[in-house]
Amino acid sequence: MDLDPEGLFRDDSDEDDDNVQEREANKEMVVYLIDASPKMFTPATKADEKEETHFHTIVNCITHALKTQIIGRSYDEVAICFFNTKEKKNLQELAGVYVYNVTEREPLDRPDARLIKEFSCIEDSFMSNIGSRYGITSGSRENTLYNALWVAQALLRKGSVKTVSKRIVIFTNEDDPFGGLTGAVKTDMIRTTIQRARDAQDLGLSIELLPLSRPDEEFNMSLFYADLIGLEGDEIVDYLPSSGEKLEDMTNQLKKRMMKKRKVKTLAFAITNDVCIEVNTYALIRPTTPGAITWLDSISNLPLKAERSFICNDTGALLQDPQKRFQVYNDKVVKFSTRELSDVKRVSSHHLRLLGFKPLDYLKDYHNLRPSTFIYPSDEQIFGSTRVFVALHSSMRRLGRFALAFYGNPTRPQLVALIAQEEVTSAGGQIEPPGMHMIYLPYSDDVRYPEEVHLTSDDAPRATDEQIKKASNLLRRIDLKNFSVCQFSNPALQRHYGILEALALGEDEMPDVKDETLPDEEGLARPGVVKAVEEFKASVYGENYDQEEAEAAAAKAGASKKRKALTDAAAEKSAAHNWAELADTGKLKDMTVVDLKSYLSAHGLPVSGKKEALVSRILTHLGK
Amino acid sequence: MARNKEALVLLLDVGPSMHGVLQEVENICSTLVHKKLVYNRSDEIGVVLFGTKETSNELAKELGGYKHVVVARDIKVVDEETTNALQNLPRGTSPGDFLDAIVVGLDMLIRKFGNIKGKQRMCLVTDAQHPLRDPPQGTKKDQVDTIADQMKRHEIKMDCIIFRESGVRHNAVMDENDQLLYHFRERSVTKVVQVDSPTSLLGALRTRNVLPVTVFRGDLEVSSSFKIKVWVYKKTSEEKFPTLKKYSDKAPASDKFASHEVKVDYEYKSVLEPDTVVPPDQRIKGYLYGPQVVPISSAEWEAVKFKPEKGVKLLGFTDRSSISRHYFMKDVFSFVPEPGNTKAVAAVSALARAMSEMNKVAILRCVWRQGQGNVALGVLTPNISSAKNVLDSFYFNILPFAEDIREFQFRSFSSLPSSSQPTKEQQEAADNLVKMLDLAPHGREEILKPDFTPNPMLERFYRYLDLKSKQPDANVPPLDKCLKKITEPDPDVIDYQAPLIKKLGNVFELKENPKKKKARTQDRLTYTGADDQAKLLEEPSAEKVGVSEALYPPKKKAGEIGDHNPVQDFEAMLTQRSSSTWVQTAIEEMQKYITALIQDSCDRDNHQKALECLVALRKACIIEQEPNEYNGFVTKLCQKFRPAGDAKFLQLLSSKNASLISKEEAPDSDVTEEMARNFCLKPEPSSQ
């Protein structure tokens, strides 16, 4: 959709080629299956002042996910579906299942502004419109979980599994949905439900469970859900959220788990000539940009189709997409075929080739060009890869080394530093995943030496110990406690999407977005901070700095006085001519440049350019 | 001289001790010239060689002395001749005296440009190993002072590259020479770098001159009352592959002034009326919000969009450890104090040193220009200068916003099943590898330091460009040895550490997943053959060899049929049909192999094997429409081996349905079905 003409020439640059790939290769369709039984509406935490329910948590998480998705991956499709409801709304007319939707939208479709808006306040009207009840009860033959899976599977029928990844995500806090039943009815229901799930999985749908547990009773996977999603042994542990002491932590965990991991590429990582392992790369950090622009017809607001045509500059003939490229070199035209160019760029025969190791402090702060890429081992194609990777990872961590490797990316082959990242966890879940970060290193021609541009001929002055002491004091005073890298949201982006959301919903009021990146003026005005700043300032600038500055400013004002005098002189000079008459008689071009400039500076116009430019500027100013 | 026009004199040491790296010196200087021919057509270049057998320079003619210094090219605008002057540098015979060369180069520049100031530069490449000639009066240091004064007066700069191989022992002469060169630096006219491998030599010379441009000049606001005047430059910036223009071949060959350029034209057409072009003033921008397109005019957008004030503001300081290295987002900036402002210099220096001592970093919010639509949030880290006359400064790296981070969960290594955990022995092997493959060995310069590592792709492109300008149909040249050391581990190190590497290979077991094998290896193969496509042909069938072999083409050519699994080898050869001759070769190889099998021994095993091969060959010949190849071969076999009593083999032939290929099976065959059926039976009576 990006019709920015410059963007179309990006074939050579590698500007986020992985981003594009990502979008095209892994479109995703997801159905959120939300348990709406009364159990979900009981307060989640005991005797908490805020009576938060699990249902509330889930609505929050999904709203958050939808908002993220509409910015980053708006091509993905989403359906929201409740089960254990009073009302029913689904194509199959199955009881206890309610497919939530808003107007002008298919049940499974891309998220739009209205969906987010209305879904975020669904709790207000949920009980009256949809209602909650226990779906599976003894005495009734109803199996709402079975129904829900069936509805989800039916929703996901469109699109081929080959190109789209399809997921069903179940949110529930009931670890034993058939607990109320006994005997043959129970076993029968469990069997059919699990069979339903198997069928769905055989069709290529993945079923995930996001269990919620209470502090007093942990969600027990083995009762039923382990069988439903087909987990064995170790994996169960992997699925269990660390039973949240705080609901907030659980919310965070849920938010993270809702995002599907998307790998960018699978690489072969050659450690030595005979040991070559398999790793997947993930783009954990990439700049989010305010989406693409589409050109519209300003009258009908319909999208326009852009047509690109190639025209020969010499003959004006229309060309088919020309295949050959050229470079003027030594006044000669040197032609290349695209094949030759790609051969030139292919300097390495491997994806990723280990070259050796260096101590971590050899990686300097300026050894950076692009956002890093995360790598994690995979045993999918080469068994044993993970083991090699884990061994290497732990050696590198213990010995304080990073690995230098050559990444033979065909668009920009590059040296990379691989830094082993230790896993960091907190109550809120994983903060830093274990693996390696791939940092793209500059080549010699990419590094510049601006600090050497202004060399002093004598020894460069350095700060005295006293000054450094004062500076240290300042550092201690203005300390950001608990600073974390991603705590700020991008004000430009927030505003951009805030405006779009308002416009999309037809609201008149433009949202006010808080710029979190501004310094904390209040904190900086605290007496202790002010004192530290003043002390440091006095030690490096001298006591009378402000006064000196004021004088310098006054001197500058003097300079501007001088400029004013010049303007006055010019005005006087230009007044000597009757400009309007000169313009009418076409005699302006006979004037000297100095005279022309006197007019321009008298009227505060720019005096740059050739004589014709000056003349035309005067004519414009005179309104001729 | 134009603002960005440069005059450069290359001073190259070609004395005996430099012979080993002259090829690299040639290469790096050629790349420099190639880039000038593309980007700076009007720059001028002169070449001075020293350490030569001959002497040829103006100073020697006029004053005498200045021996063994040859002006290979006067200062002239770059052209093809310049590259020629740098090819096949003569191997000199006398130890080079770099001071003499500097004086000659300086003299050339002053003669040519007199007092015209402009960008003038000398570039010295030497090993500075040999004693310098004693000056007629004063000390060598005095001489350096005089030269430096001259350079300063004429604003001539110098880059000096000292090349010393890692094995060379330092001696008093070298120390003295180094001191003299560093003295130039202290007089602030010269930049000195020392490298110890040919690869770093290639990266040591800046081959393209970029005029430093500030991104921002103004205040670094610590608080509203305390501001430091700084200038911000780019510290790193990717040198891109040149954007080649599209070529149009429409211009007649006779047109000497044809530009051959292609203009790209965009027309926006309405969906409803595909034939009408919508003029620019009737277009309006639409932004995507989910499936909706929100139209908004530029003026409206301008009124509501985010408009931060220009300025660089400090948010606060934090521990260095709270910002992991991998959060750095982009190319790096450098904050230097405003030139000439001693107060700013002191403030920057004090802050930088305090930050460095306390291991702290500063968080800044930057808006470089008024009207910029976004803010940059980043981390300021100290850069304490090690050179006496370089000021302390800061590096600045952009950090991500909350929206830029995707939090994926990965399984923790400790919870992996034991089959994925390394054993003690394996861990030890990995430890040893990390310890031994050390790229920063003690007592040596760091290997592959980014600051001295050239870009192999660009290096090759410019070489190819030059080659193509002379031979339009030239092939892409392979990477040369020095550049290969960037893309692959140094073969010397690998040889040296061979036992260790072998150990690693032995303790870890890697197996390819049989289910995924096929597609996967295909995928990999497209990646190989970096230098020439021919390699691909040599690649053995990836399906039967292990992973490692698929990635590293073994020496053995695929054009052979091994004893181990002849039928598969043969099929592999056939599937590699990149040309029709390949099929022919495969068939011939198989025929040879079968003949050898039958000839070699008479036991049953071989017969069975030969028969299997023959069946395979037969099948292939039917598929490849080469029935006569097979028929001819079998007939010959019969004639050859019948007397030797191998008739039993022929009987087997018919039993396995490996008789001649008939017309029914392959239309090209001359053999009828009946002939085929009778083939094995017929000869028998005659042998009785």
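Cut-off values and rules
- Residues numbered from 1 in each chain as written.
- Chains lettered and ligands numbered in written order.
- Predicted model: local features only at pLDDT ≥ 70, side-chain atom pairs only at ≥ 80, totals over all residues.
- UniProt positions renumbered as here; feature names shortened; annotations may be inferred.
- Helix = DSSP H or I, 4+ residues; strand = E, 2+ residues; numbered from the N terminus.
- Buried ≥ 20, exposed ≤ 12 C-beta atoms within 10 Å, placed from the backbone.
- Contact = placed C-beta atoms within 7 Å.
- Pairing = 2+ DSSP bridges.
- Nonpolar A, V, L, I, M, F, W, Y, C, P; charged D, E, K, R; others polar.
- Domains from an automatic or database assignment.
- Expected span 1.5 Å × (residues − 1).
- pLDDT = per-residue confidence, 0-100.
- Axes fitted to C-alpha atoms, helices over the stretch in contact; angles between N-to-C directions.
- Parallel < 35°, antiparallel > 145°, perpendicular 65-115°, else oblique.
- Left-handed = near helix turned anticlockwise from the far one by under 90°.
- Core = buried A, V, L, I, M, F, W, Y, C linked by C-beta atoms within 7 Å.

By the naming in an unreviewed UniProt entry, chain B is ATP-dependent DNA helicase 2 subunit KU80, taken from Oryza glaberrima. Word for word, the UniProt comment on chain B under Sequence similarities (unreviewed entry) is "Belongs to the ku80 family."

Looking at an unreviewed UniProt entry, chain A carries the name ATP-dependent DNA helicase 2 subunit KU70, with the source organism given as Oryza glaberrima. Looking at the Catalytic activity (unreviewed entry) heading of the UniProt record, one finds this comment for chain A: "ATP + H2O = ADP + phosphate + H(+)". Database annotation for chain A, UniProt heading Subcellular location (unreviewed entry): "Nucleus".

Describing the overall build of chain B
Within chain B one finds 24 helices and 18 strands. Looking at chain B as a whole, 42% of its 688 residues are labelled buried. For chain B, the proportion of contacts with a sequence separation of at least 24, taken over those separated by at least 6, is 69%.

Looking at unusual backbone geometry
The phi angle at A:Asn84 is positive, at roughly 65 degrees, despite the residue not being glycine. Of note in this structure, B:Ala128 is not a glycine but carries a positive phi near 45 degrees. Here B:Ala128 lies in the loop between strand 4 (119–126) and helix 5 (140–153).

A closer look at the UniProt feature "domain: Ku" (unreviewed entry) in chain B
Residues given the UniProt feature "domain: Ku" (unreviewed entry) here are residues 275–416 of chain B. Its end C-alpha atoms 62 Å apart, residues 275–416 of chain B is made of 17% helix and 34% strand.

Remarks on the pairing of strand 15 (residues 360–367) of chain B
All names here are of chain B. Counting buried residues in strand 15 gives eight out of eight residues, a clear majority hidden from the surface. Strand direction decides the pairing type here: strand 13 (residues 311–319) and strand 15, joined by eight bridges, are antiparallel. Residue Phe317 lies in a different strand from strand 15, and its bridge partner there is Ala362.

Regarding the interface of chain A and chain B
Across the boundary between the two partners, chain A contributes 184 residues, which contact 192 residues of chain B. Considering each element in turn, the side of chain A that touches chain B owes the most residues, 12 residues, to helix 11 (residues 385–399) of chain A. Considering only residue class, the side of chain A that touches chain B consists of 98 nonpolar, 43 polar and 43 charged.

Some remarks on the domain arrangement of chain A
For chain A, the domain assignment lists domain 1 (36–259), domain 2 (264–288 + 351–446), domain 3 (465–541) and domain 4 (558–622). The distance between the C-alpha centroids of domain 2 of chain A and domain 3 of chain A comes to 33 Å.

Quick look at the UniProt feature "domain: SAP" (unreviewed entry) in chain A
The positions that UniProt labels "domain: SAP" (unreviewed entry) are, in the present scheme, residues 588–622 of chain A. Taken end to end, residues 588–622 of chain A comprises 63% helix and 0% strand; its first and last C-alpha atoms sit 12 Å apart.

Considering helix 9 (residues 342–358) of chain B
Residue and element names in this part refer to chain B. Helix length check: helix 9, at 17 residues, gives a terminal C-alpha distance of 24 Å against a target of 24 Å (1.5 Å per residue), a fit within 8%. Along helix 9, 12 of the 17 residues are buried, which leaves the element largely enclosed by surrounding structure. Listed in full, the buried residues belonging to helix 9 are Ala344, Val345, Ala346, Ala347, Val348, Ser349, Ala350, Leu351, Ala352, Arg353, Ala354 and Met355. Positive phi shows up at Asn359, right after helix 9, with a value of about 60 degrees.

A closer look at the environment of A:Ile70
Looking at the element boundaries, A:Ile70 is found in helix 2 (residues 54–72). A tally of 27 C-beta atoms within 10 Å means that A:Ile70 is categorised as buried. In the structure, A:Ile70 is positioned 46 residues away from A:Ile116 in sequence and 9.4 Å away in space, judged by C-alpha atoms. Apart from residues lying up to four places away in sequence, A:Ile70 is in contact with A:Pro111, A:Ile116, B:Tyr289 and B:Gly290.

A look at the sheet that holds strand 9 (residues 304–312) of chain A
If you trace the three strands from one edge of the open sheet to the other, you get 10(A)-9(A)-10(B), paired in antiparallel fashion. On the outer flanks of this sheet lie strand 10 (318–319) of chain A together with strand 10 (262–270) of chain B, each paired with one strand and no other. With nine bridges joining them, strand 9 of chain A and strand 10 of chain B adopt antiparallel strand pairing. The residue bridging A:Lys305 from the neighbouring strand is B:Lys269, located in strand 10 of chain B.

Side note on the confidence of the model for chain A
Per-chain confidence: chain A averages 79 in pLDDT, with 87% of residues scoring 70 or above. Within the model, pLDDT remains below 50 along residues 1–25 of chain A, and this stretch shows 29 contacts once partners closer than five positions in the same chain are excluded.

Brief notes about the packing of helix 12 (residues 465–477) of chain A against helix 15 (residues 527–541) of chain A
Any two packed helices are characterised by the angle at which their axes cross and by the distance between the axes. All names here are of chain A. Interhelical geometry of helix 12 versus helix 15 gives an angle of 160 degrees and a closest axis separation of 9 Å. Our classification of the angle between helix 12 and helix 15 gives roughly antiparallel. As helix 12 packs across helix 15, the resulting crossing turns out to be left-handed. Side by side, helix 12 and helix 15 meet where Glu466, Gln467, Lys470, Ala471, Asn473, Leu474 and Arg477 of the first sit next to Gly528, Val529, Ala532, Val533, Glu535, Phe536, Ser539 and Val540 of the second. Counted by class, the contact of helix 12 with helix 15 contains seven nonpolar, four polar and four charged residues.

Structural notes on the nonpolar core
The biggest cluster of nonpolar side chains holds 267 residues, and the ones touching the most others in it are A:Leu33, A:Cys81, B:Leu11, B:Val48 and B:Leu124. If you tally residues by element for this core, the top one is helix 9 of chain B, at 10 residues. Those residues within four positions of B:Val48 in sequence are excluded, and the remaining contacts are B:Val9, B:Leu10, B:Leu11, B:Val69, B:Val71, B:Ala72, B:Ala101, B:Val104 and B:Gly105. Counting 23 residues, the second-largest nonpolar core is a separate cluster that includes B:Ala586, B:Ala610, B:Cys613 and B:Leu637.

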